[in-house]
Amino acid sequence: MQGRRAASQVHGRKAILSGMDILSASQFDRKRVEHVLDVANDMRLLVNNRGASSELAGKVMVSLFLEPSTRTASSFSAAMYRLGGSVLTVNEATSSAKKGETFEDTLRVLENYADVIVIRHPQIGAAKRAADLVSIPVLNAGDGAGEHPTQALMDCFCMRTLKGRLDGITMTVVGDLKFGRTIHSLAVLLANFENVKINFVSTAGLRLPDEVKAAIKGRVKYTESLMPQLAEKIAEADVLYATRIQQERFASVEEYLAEKGSFCISTKFLDDAGAKKDLAVLHPLPRVDEIAPSFDADPRATYFKQVRYGVLTRMALIAEVLRS
Ligand code: NCD
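Here's what I pulled together on the structure shown here. In this text the structure is predicted, and so the values were computed from the model without any measurement.

Turning next to the environment of alanine 191. Within the secondary structure, alanine 191 is located in the loop between helix H7 (181-190) and strand E6 (197-202). Along the chain, alanine 191 and aspartate 42 lie 149 residues apart, while their C-alpha atoms are 24 Å from each other. Every residue in contact with alanine 191, bar those within four places of it in the chain, is listed here: Ile216, Arg219 and Val220.

Right, here's the structure in full:
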C-alpha cells in the first residue's frame, strides 16, 4: 500500500485498469489507449530520472512463455524489476507441460505464487482461457496468430512520442498480415483515432484476416494491395510497419519458402519510392530478411528504438493492473 501511495503521489494519475486482464486490443477505447500511453510516459520520466521505483516491491509476476521469445519475455521481466517486483520464469523447457500437465493445471498452480501472470502460447485464445480460470490479472503476450495487445500499445506509444499524435497518421504495413498478430492488435487500437489511414500490403496468401477488417471497417480508411504495389504505398506514409513472415505458423516448410523473401526494405527502395524524410520504419522484431541490415544506419530506422518503448509500456500495464 505504501508503494502504491507513493506512486500515485509521483504521477497523480488514478489507475483505470485495476485488476483487469489485458487480452485483446478490442478492450481499448481511445480513453484507455491514451491513459496507458500517458502512464508509459510517466514511466519514461521515472526511468530517466530515477532508473527504478519500489512501487511493486513484494509483488510477484509469473512469466509463462510456451513459445519462443527474446524481447517480450525480457521486456516484461525488465519492467517488473524496474518497478521493484520479482519474476518467476516458466518456459517451454522448464514447464511440466513436457510431463503431460495440462495448461489449466499449470495455471491453477502458478496463480498461487503470483499477483499477475504474463502468458505467451501458440494457440489463439489461450490467454482468454487462462483469464477465465485464474483470479489474478492475465496479460496476453501473444496467443498464436491471434493478438499481441501489449506490443500494439508499445507501438502506439512509440508512434505518438515520435510523431506527436496518432490522429491523422498514415501507416503502411507490409509482410505477413495473416499470421502477424502484432498488426491484428495495432490496427484495432489505431481505429480509435481520427483520420487514420492504413495501407495493408502483402502477398495474396498472407492478407489481413476478415475479422480484423470487420473490426476496423468504417473507423479507419484502409487500402489492401499486393506486394508489387508496395512502392506506390510508401510516399504518403508517416510510418512503415514491416513484419516477419511467421515461419512457425505455416503447415509446411515449402509453403513458408514460397512466401519468404517477398520484399526487402532498403534506403534505395524508400528513396526511389519517394518516402518522407521523417518516415519512421517500425518492426516488432525479430527481423529475418524484411529489412536490409545496411538500412539500420538510416535515420528512418526506428525498430531498435521501438524496443525501449516496450519496457515502459509494460511497466505501465503491470502497474495499472496492480494499482488499486
Ligand atoms: C512478435 C511476436 O512475437 O508476435 N515479436 C515480438 O513480440 N516482438 C513478432 C514476430 O515474432 O515476428
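Sheet topology places E6 next to strand E7 (residues 221-226); six bridges connect them, and they run parallel. The residue of E7 that forms the bridge with asparagine 199 is threonine 223. Handedness of the crossover joining E6 and E7 through helix H8 (residues 210-216): right-handed.

The next point concerns the site of the ligand. Neighbouring the ligand are the residues Arg71, Thr72, Arg120, His148, Gln151, Arg181, Thr182, Arg244, Gln246, Pro284, Leu285 and Pro286. In this structure, an oxygen atom belonging to the ligand sits 2.8 Å away from a side-chain N or O atom of arginine 244. Between the ligand and glutamine 246 there is a distance of 2.8 Å, counted from an oxygen atom to a side-chain nitrogen or oxygen. Summarising the interface, the protein chains cover 94% of the accessible area of the ligand, which totals 320 Å² for the free molecule. Elements with a minimum of two residues in the shell around the ligand: helix H3 (71-82) and H7. Classifying every residue of the shell around the ligand by side-chain character gives three nonpolar, five polar and four charged.

It is at 8 Å that the axes of helix H6 (residues 149-163) and H7 come closest, and there the two elements cross at 55 degrees. The angle between H6 and H7 falls in the class oblique. Considering the relative orientation of H6 and H7, their crossing is right-handed. Of the residues in H7, those in contact with Pro149, Gln151, Ala152, Leu153, Asp155, Cys156 and Met159 of H6 are Thr182, Ser185, Leu186, Leu189 and Leu190. Here the contact of H6 with H7 is built from residues that sort into eight nonpolar, three polar and one charged.

Consecutive side chains along a regular strand alternate between the two faces of the sheet. For strand E1 (residues 60-65), the tally of buried residues reaches six of six residues, placing the bulk of the element in the interior. Of the two faces of E1, the one carrying Val60, Val62 and Leu64 and the one carrying Met61, Ser63 and Phe65 are both buried. Pairing of E1 with strand E2 (residues 86-91), which is carried by six bridges, proceeds in the parallel orientation. What sits directly across from valine 62, in E2, is leucine 88.

Right, let's talk about the packing of H3 against helix H11 (residues 303-322) for a bit. It is the contact of H3 with H11, at a shortest axis distance of 8 Å, that shows an interaxial angle of 55 degrees. In terms of their interaxial angle, H3 and H11 are classed as oblique. As H3 runs across H11, the sense of the crossing is right-handed. Mapping the contact onto sequence places Arg71, Thr72, Ser75, Phe76, Ala78, Ala79, Met80 and Arg82 in H3 and Val307, Gly310, Val311, Arg314, Met315 and Ile318 in H11. Taken together, the residues of the contact of H3 with H11 sort by class into eight nonpolar, three polar and three charged.

Thresholds, definitions, all that
Residues numbered from 1 in each chain as written. Predicted model: local features only at pLDDT ≥ 70, side-chain atom pairs only at ≥ 80, totals over all residues. Heavy atoms only, no water. Helix = DSSP H or I, 4+ residues; strand = E, 2+ residues; numbered from the N terminus. Contact = heavy atoms within 4.5 Å. Pairing = 2+ DSSP bridges. Right-handed = clockwise from strand over helix to strand, strands pointing away. Near = heavy atom within 4 Å. Polar contact = N/O pair within 3.5 Å; in protein donor to acceptor, adjacent residues only side chain to side chain. Areas by Shrake-Rupley, 256 points an atom, 1.4 Å probe, with all protein chains shown as cover. Nonpolar A, V, L, I, M, F, W, Y, C, P; charged D, E, K, R; others polar. Axes fitted to C-alpha atoms, helices over the stretch in contact; angles between N-to-C directions. Parallel < 35°, antiparallel > 145°, perpendicular 65-115°, else oblique. Left-handed = near helix turned anticlockwise from the far one by under 90°. Buried < 20%, exposed > 50% of the residue type's maximum accessible area, 1.4 Å probe, protein only.

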